[in-house]
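The chain contents come next:
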Amino acid sequence: MALKVKISLIGALDMLKFKNMAADREKAIQAAPAREIKADFPINNNAKALHPDYLDLVVKEVVDHPEADAKSFILARAEGGPLPYFRAGQYISLKLPIGGSFLSRPYSISSGPKWALDGMYAVTVKANPGGFAADWMLDNLKAGDKITASGPLGDFYYDKYRDCRHVLALAGGSSITPFLSMAYAIQDGVEDFDMTILYGSATADTIMLRKELEEIAAACPKVKVVHVLSDEEKEGFEHGFITADLIRKYAPAEEYSVFICGPEAMYRFVGREIEKLGLPRRLVRPEMLGVTKEVWKQPGYPAEAKDKVFRLTVKQGPEEYGIDAAAGEPLLVAMERAGVKAPSRCRSGQCGWCRSRLLSGRVYAPEENDGRRWADKEYGYVHPCATFPLSDITLEVPGEYL
Amino acid sequence: MVKYDAVVVGAGNSGLSAAIRMQLGGRKTLLIEQHNLPGGCATSFRRGRFEIEPSLHELCDVGPENNPGEIRELFREYGVKLNWVPCPDCFRVISKYSDGTPMDVTMPDGIDAFIAKMEEYVPGSTPKMRELFELYEEIRQGAIYTAASAGKADPNYMREHFPNMLRTGAYPVSKVFKAMKLPQKCQDILSTYWGYLGVEMDHLSFFHYASMMQRYVRIGAYIPLHTSHEISTAMLERFRELGGDVWFNCRAEKFLFEGDRLCGVRTSMGDVACDMCLPNINADIVYGKMVPKELVPEREKKLSAARNGNYSARMFVAYFCLDCDYHELGITNYSYFLSGGSDSAKEYANLMGGVKTNDYCILLCYNVANPEFSPKGTCVCSITTLASPVDWNDGDPTTYVARKEAMTDKMLAIVKEKTGIDFTGHIEEVSIASPWTFARYLGVPEGAVYGHEVRDWDGIMPRMMMLKQDYPVKGLRPIGAGGPRGDGYSGAYITGSLVGKLALKDLNDWAEGGAK
Ligand SMILES: Cc1cc2nc3c(=O)[nH]c(=O)nc-3n(C[C@H](O)[C@H](O)[C@H](O)COP(=O)(O)OP(=O)(O)OC[C@H]3O[C@@H](n4cnc5c(N)ncnc54)[C@H](O)[C@@H]3O)c2cc1C
Ligand code: FES
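Note that the structure is a prediction, hence the values are computed from the model and not measured.

Here we look at the overall build of chain A
- Looking only at helices and strands, chain A has eleven helices and 19 strands in total.
- In terms of its C-alpha atoms, chain A occupies a principal-axis envelope of roughly 95 × 55 × 50 Å.
- Taken across its 402 residues, chain A has 57% of its residues classed as buried.
- The contacts in chain A between residues at least 6 apart in sequence include a share of 69% that link residues at least 24 apart.

Thoughts on the packing of aromatic side chains
- Evaluation of the coordinates by the stated rule reveals 34 aromatic pairs over all chains.
- On the basis of an interplanar angle of 70° and a centroid distance of 6.5 Å, the ring pair of F18(A) and F207(B) is categorised as edge-to-face. In this pair, F18(A) is assigned in helix α1 (residues 11-19) and F207(B) in helix α10 (residues 206-219), connecting two distinct chains.
- Since its relative accessible area comes to 2%, F18(A) is described here as buried.
- Classification of F207(B) as buried rests on a relative accessible area of 3%.
- Each ring, one from F91(B) and one from F337(B), has its centre 5.7 Å from the other, and the planes form 70°; the classification is edge-to-face. Pair noted here: F91(B) is in strand β8 (residues 91-96) and F337(B) is in strand β17 (residues 335-339), with a separation of 246 residues, a long-range link.
- For the cation-ring pair, K306(A) lies above W296(A), with the distance from its terminal atom to the ring centre recorded as 5.0 Å.
- Against the face of Y97(B) rests K185(B), its NZ or CZ located 4.6 Å from the ring centre.

Observations concerning the interface of chain B and chain A
- Each partner contributes to the interface: chain B provides 108 residues, whereas chain A provides 73 residues.
- Contact between chain B and chain A buries roughly 8,000 Å² in total, counting both sides, with carbon and sulfur atoms accounting for 62%.
- Where chain B touches chain A, the interface holds twelve salt bridges.
- A salt bridge links K293(B) to E36(A), with the nearest nitrogen and oxygen atoms 3.7 Å apart.
- Across the chain B-chain A interface, the total number found is 33 residue pairs in polar contact (both at pLDDT 80 or more).
- Top element by residues in the side of chain B that touches chain A is helix α13 (residues 298-307) of chain B. It accounts for ten residues.
- In the side of chain B that touches chain A, the residues fall into 48 nonpolar, 25 polar and 35 charged.

Overview of the domain arrangement of chain B
All names here are of chain B.
- Once the domains are mapped, chain B shows domain 1 (2-45 + 228-308 + 455-515), domain 2 (109-217) and domain 3 (313-442).
- Each of domain 1 and domain 3 was reduced to a C-alpha centroid, and the two centroids are 32 Å apart.
- Buried area between domain 1 and domain 3, both sides added, is near 450 Å², and the carbon and sulfur share of it is 64%.
- At the boundary of domain 1 with domain 3, the tally comes to zero salt bridges.
- Taken together, the connections running from domain 1 to domain 3 amount to one residue pair in polar contact (both at pLDDT 80 or more).
- A per-class count over the side of domain 1 that touches domain 3 returns two nonpolar, three polar and one charged.

Details of the sheet that holds strand β9 (residues 102-107) of chain B
Residues and elements named next belong to chain B.
- Strand order in this open sheet of seven strands is β9-β8-β17-β18-β19-β16-β20, and the pairing throughout is mixed. Among the strands making up the open sheet, the edge pair consists of β9 and β20 (427-433). Put simply, the sheet's adjacent strands are angled 15° from each other on average, direction ignored.
- Summarising the sheet, strand β18 (residues 360-365) and strand β19 (residues 379-387) pair through four bridges and their orientation is antiparallel. The partner of I362 across the bridge, within β19, is T384.
- Sitting on the sheet, helix α18 (residues 435-442) is in contact with β16 (314-322), β19 and β20, with an inclination near 100° to β16.

Remarks on the sheet that holds strand β2 (residues 6-9) of chain B
Residue and element names in this part refer to chain B.
- Read from one edge to the other, the open sheet built from four strands follows the order β11-β3-β2-β15, with strand pairing classed as parallel. Only two strands of the sheet have a single partner each, and these edge strands are β11 (245-247) and β15 (276-279). Adjacent strand axes in the sheet meet at a mean angle of 20° when their direction is disregarded.
- Where β2 and β15 come together, four bridges link them in parallel fashion. Following the sheet pairing, V9 is matched in β15 by P279.

Structural notes on the domain arrangement of chain A
Residues and elements named next belong to chain A.
- Its domain assignment divides chain A into domain 1 (52-149), domain 2 (166-286) and domain 3 (295-396).
- Here the C-alpha centre of domain 2 lies 24 Å away from the C-alpha centre of domain 1.
- At the junction of the two partners, domain 1 supplies 19 residues and domain 2 supplies 17 residues.
- With both chains or domains summed, domain 1 and domain 2 bury close to 1,400 Å², and 63% of this area falls on carbon and sulfur atoms.
- By the criterion of area lost to domain 2, the three top residues of domain 1 are E67, A88 and S110, representing 29% of everything that side buries.
- Taken together, the links from domain 1 to domain 2 amount to one salt bridge.
- The shortest N-O distance in the salt bridge between R87 and E191 comes to 3.7 Å.
- Between the two partners, domain 1 and domain 2, sit one residue pair in polar contact (both at pLDDT 80 or more).
- Those elements that provide at least two residues to the side of domain 1 that touches domain 2 are β2 (70-77), α4 (113-117) and β5 (120-126).
- Its residues assigned to classes, the side of domain 1 that touches domain 2 comprises seven nonpolar, eight polar and four charged.

Quick notes on the site of ligand 1
All names here are of chain A.
- Of all residues adjacent to ligand 1, which total 24 residues, the nearest are R105, T124, T177, E329 and R337.
- The contact in question runs from an oxygen atom of ligand 1 to an N or O atom on the side chain of R105, over 2.7 Å.
- Between ligand 1 and the protein, one listed contact pairs an oxygen atom with a side-chain N or O atom of T177 at 2.5 Å.
- Those elements that place two or more of their residues in the shell around ligand 1 are β4 (101-108), β5, α5 (133-140) and α10 (331-337).
- Element by element, the count of residues in the shell around ligand 1 is highest for β4, at six residues.
- Per-class residue counts for the shell around ligand 1 are ten nonpolar, eight polar and six charged.

Some words on the environment of K376(B)
- With respect to the secondary-structure elements, K376(B) resides in the loop between α15 (366-369) and β19.
- Note: C-alpha distance between K376(B) and Y441(B) (65 residues apart in sequence) is 30 Å.

Thoughts on unusual backbone geometry
Residues and elements named next belong to chain B.
- Within the chain, D89 stands out as a residue other than glycine whose phi angle is a positive 65°.
- Even without being a glycine, N249 presents a positive backbone phi close to 50°.
- As for its position among the elements, N249 is in the loop between β11 and β12 (252-258).
- Residue N249 is classed as buried on the basis of its relative accessible area of 1%.

What counts as what
Residues numbered from 1 in each chain as written. Chains lettered and ligands numbered in written order. Predicted model: local features only at pLDDT ≥ 70, side-chain atom pairs only at ≥ 80, totals over all residues. Heavy atoms only, no water. Helix = DSSP H or I, 4+ residues; strand = E, 2+ residues; numbered from the N terminus. Buried < 20%, exposed > 50% of the residue type's maximum accessible area, 1.4 Å probe, protein only. Contact = heavy atoms within 4.5 Å. Phe/Tyr/Trp six-rings, centres within 6.5 Å; stacked < 30°, edge-to-face > 60°. Lys NZ or Arg CZ within 6 Å of the ring centre and 35° of its normal. Buried area = accessible area lost by both parts, 1.4 Å probe. Salt bridge = Lys/Arg side-chain N within 4 Å of Asp/Glu carboxyl O. Polar contact = N/O pair within 3.5 Å; in protein donor to acceptor, adjacent residues only side chain to side chain. Nonpolar A, V, L, I, M, F, W, Y, C, P; charged D, E, K, R; others polar. Domains from an automatic or database assignment. Pairing = 2+ DSSP bridges. Axes fitted to C-alpha atoms, helices over the stretch in contact; angles between N-to-C directions. Near = heavy atom within 4 Å.

Structure below.
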């Protein structure tokens, strides 16, 4: 070997140094005290406090909004103390054992982040005729009841790197909730941006959370609220729907971002209007819209499957369940009906929390709800909240920390 | 109670590797993971129309198909098939030489190209650089030999074949560079990778640095076509094919013992009986939280005390999805190492001082290596730095976002100042991960993803030499970035395989010995 690298004057000593690495290490170890191993780290505790697996909550107060067929539930930690802080616009997933079923529903937090420090979140629930969980909550949940929820989640919040200083917030009906939270956050100095809310309701007397919104707008020049009434023409209110022209009318001169949160019909309508504005994608942020209600109307859906009921075998850790799954409902709903505690959060196909392995069977996943990762599509994973059965199915689902 | 031969706790890089190894060895294995998907660091997340790579910059030792490196070989042996994409160049570094003059250097991969380029920047350096790479190669070979001999290397064979490794390996990098009389400018450029190991050149063994650098330069680095989630998913698929079971959203809480021998794992989904457990978890957590106090060996307590919580690489990463082609932003390179200077000791001190003094970051643009990384007309970049507990120990949630933004502002300013690259007006999606984020998803101490620092006496060579002493509890063999092969993707894969082999041997020995 031509190369001969020497570090010290006597090369042999270097070889010894190499050989002694183990002995030197042992020496360093033995020189240390045999003290108890501490595995408690502030950083990990901070992370856990901000992002708990679950929160045990209790309903502190129920505020009725009869004009809007809705109620706000003020939730506190069962054991008292502050709740995890959050970004205004985020949601929590409520876990609802109803009869033999085990449901979960995402609700935007309608209170401001500051409330969390005082140990409170508010969620505002609007009646949903023909639905299941919302109406059950309105009829049954009362002060003192216990309820389990996820920590705050989601990416629907203001980000100074991405969003313009001025946000045009488009809301319809109960979907005002994340914007109310943002408005509180702006008023409290937690967030710093200007927000003009274009809020669609049917008539002036049915506007949900109107008083709260108007109080903030009166006190805080950064927040502005414009009511858009579809079923009524009235002085001081816009009439009709949220159109491109209306957005232009209230948009600032400089570049602005558009945030949208609304029911499925509003998304579809407003989506077309926004296209007319020619805004780049980075300036338009839709909140998740849930999963399509009438899957059989989606392109490519095999008509013959529509009314069938299939057999769903669920594997979860060491357990196995056999249940029914209707073609028109997502796999997650079938599991929830049967009381299987399958994980879920956004119920919109986006967060990936329900990600499960399809072991056998055929499914349909609507393109517009498909938030899967590339490799998940390739290797047969599905998001059960946004996946419909087309045959008997075997599904391996993750556990749930409940 | 369900019963398996082995339970691997945690489906990180090391856990996936160990799980395949155990199943290949014919042992019925259960893999449990507290999160709902595999990979640990090696995963991905979706934002809008983008899929973001959270951790992998480049994976060394894959190599081209006709000249495979250790990792490509390992994956072949495992039967894991992947789409690999080469990363162009080793790096571009914009910093200062030790004499204070500006440094802006782009080093290609391939040893000859690397040396030729160095000659351009540092005329006359070629003979010394040739010597250096000859030494690097000897050390790489020596490392493969020592790993293969699993703690039973033959000293005579070593002396004959790897004499220079024996002479230099135990010294700090800076000392060997000096002894070799490398021109100072070469030393400055060659120090660039220190940030990948998170230990300064005065405290990092030359053995470690040389074997790593050789792995990067010799056959280049690679990334998977569809983020590291593709690697993890493909590995998990292989594990399933081999007959392994996996439970997600399942947390291991305690190890169960019969006398002083491990007999099972308590999990959030119930108790599981097994003869062998390989936790993909930092040893401090394994012995500090999961083994009953009275069974924690004296030596583990001492080892932990000697390491004294010197966790490595508390990550801070800002991810930006941009609505334009990377050329439009003036991005020309895959990875930019940006720092205030080339003195790693000073840079390390600056990092540990927190946001006020930190002047180090790595800018990466995935599309430069992989044009398919994001939709046409868009690109994805990340900016990575190492964080300090001084910024993140404070638990006040109301200042958390501001702290993240302060660090991000600083990194964006460094990028702009050093490269002229400015994302303003193009950011379509953004996500910022702090040590809290990594602590949340991985459970690693302080959000540090490298385990304990591979510093001074606790380098990878002495760890490799002490495989016998380092697993004092029967049936318990921790794996992961804190293991014998150290941090990084390749280190974790190899540790999983290596310790998996030791575990298989245990199980076979016990079966032969008639003991359970
Ligand atoms: C991110 C986000 C934030 C939101 N924030 C708010 C908010 O702040 N305020 C608000 O009012 N709304 C909010 N929503 C909407 C709210 O989540 C829905 O309105 C709510 O889920 C309605 O619940 P539902 O069960 O009544 O609706 P449905 O659409 O009826 O329920 C969903 C599914 O339940 C199934 N189901 C029916 N019967 C049964 C049964 N017997 N057993 C099991 N399953 C059954 C149905 O098939 C249906 O597919 C938000 C939605 C999202 C995605
Ligand atoms: S619950 Fe979010 S993707 Fe299914």
